[in-house]
Amino acid sequence: MNFWLMKTEPGAFSLDDLISRPGQIEPWDGVRNYQARNMMRDQMKVGDPVFFYHSNCEIPGIAGIVRIAREAYPDHTAFDPVHKHYDPGSSPENPRWLMVDVQFVRRLQRIISLAELKTHASALDGFALLRKGNRLSVMTVDARHWAFIEALETITQRG
């Protein structure tokens, strides 16, 4: 089993949006980075847990946990010329981009903010999210980092 973090802008698609979907499942489309695509294709498996991270918002942070519900398959949005994720170099016969389905597991008791994660830089040494300049929307999470972050959930933060 692998552990993951997937970023989304809540104005585009939030944890609440996922919760409102039938079966609380949604395709994770629009990934247009080869490294992220390759991780989805080669490493993501059904059942893998994922931190659901809200980015580009007032308080960026981990909002919940989802799981991979379906392994990688062609991202059909790349084939649609009127879709914002259209890629003229991708076709059903030769798909360039992939997506996975994610399913809601649970909302965290509180958002674990990026600012809070940064205060634990030594315990989270090597955590991709904290690496300067990291812009990937899909990243692996070490098992030890996963356990540490999950433990933070029950710690009350003082503002």
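Here, the structure is the one placed above.
Below: a short report on this structure. None of these values were measured; they are calculated from a predicted model.

### Here we look at the overall build of the protein
Line of reasoning, step 1. Counting secondary structure elements, the protein contains four helices and six strands.
Line of reasoning, step 2. When the helices and strands of the protein are listed from N to C terminus, the series reads β-α-β-α-β-β-β-α-β-α.
Line of reasoning, step 3. For 159 residues, the compact-globule estimate of 2.2 N^0.38 gives 15 Å, and the protein sits close to it at 16 Å.
Line of reasoning, step 4. The principal-axis extent of the C-alpha atoms belonging to the protein is close to 50 × 30 × 30 Å.
Line of reasoning, step 5. When each of the 159 residues of the protein is scored for burial, the buried share is 44%.
Line of reasoning, step 6. In the protein, 73% of the contacts between residues at least 6 apart in sequence involve partners at least 24 apart.

### A few points about the nonpolar core
Line of reasoning, step 1. Among the nonpolar cores identified, the biggest contains 40 residues, and L5, M6, I62, L117 and V138 are the most heavily contacted of them.
Line of reasoning, step 2. Ignoring any residue separated from it by four or fewer positions in sequence, one finds M6 in contact with W28, M44, V50, F51, F52, Y53, I68, V100, V102, S137 and V138.

### Regarding helix 4 (residues 143-152)
Line of reasoning, step 1. By the burial criterion, the buried members of helix 4 are H145, W146, I149 and L152. Summarising the axial view, the buried residues of helix 4 lie within an arc of 120°, below the 170-degree limit, and thus occupy one face.
Line of reasoning, step 2. Those residues of helix 4 that are buried are in contact with strand 1 (3-8), strand 3 (49-54), strand 4 (61-74), strand 5 (98-113), helix 3 (114-118) and strand 6 (138-141).

Definitions and limits used
Starting from 1, residues in each chain are numbered consecutively following that chain's sequence as written. In keeping with the predicted nature of the model, local features appear solely for residues at pLDDT of at least 70, side-chain atom pairs appear and are counted solely at 80 or more, and the whole-chain, interface and lining totals rest on all residues. Computation of side-chain values covers all heavy atoms of the structure but excludes hydrogens and water. Numbering of helices and strands runs from the N terminus, with a helix taken as a DSSP run of H or I at least four residues long and a strand as a DSSP run of E at least two residues long. Both definitions apply: the radius of gyration is a C-alpha atom measure, and the globule rule equals 2.2 Å times residues to the power 0.38. Whether a residue is buried, partly exposed or exposed follows from its accessible area with a 1.4 Å probe, protein chains only, as a fraction of its type maximum: under 20%, in between, or over 50%, in that order. Contact criterion: two residues are considered in contact whenever any of their non-hydrogen atoms come within 4.5 Å of each other. Nonpolar core, defined: a set of buried Ala, Val, Leu, Ile, Met, Phe, Trp, Tyr and Cys residues in which side-chain atoms within 4.5 Å join the residues together. Arc, as used here, means the arc of the directions from the helix axis to the C-beta atoms.

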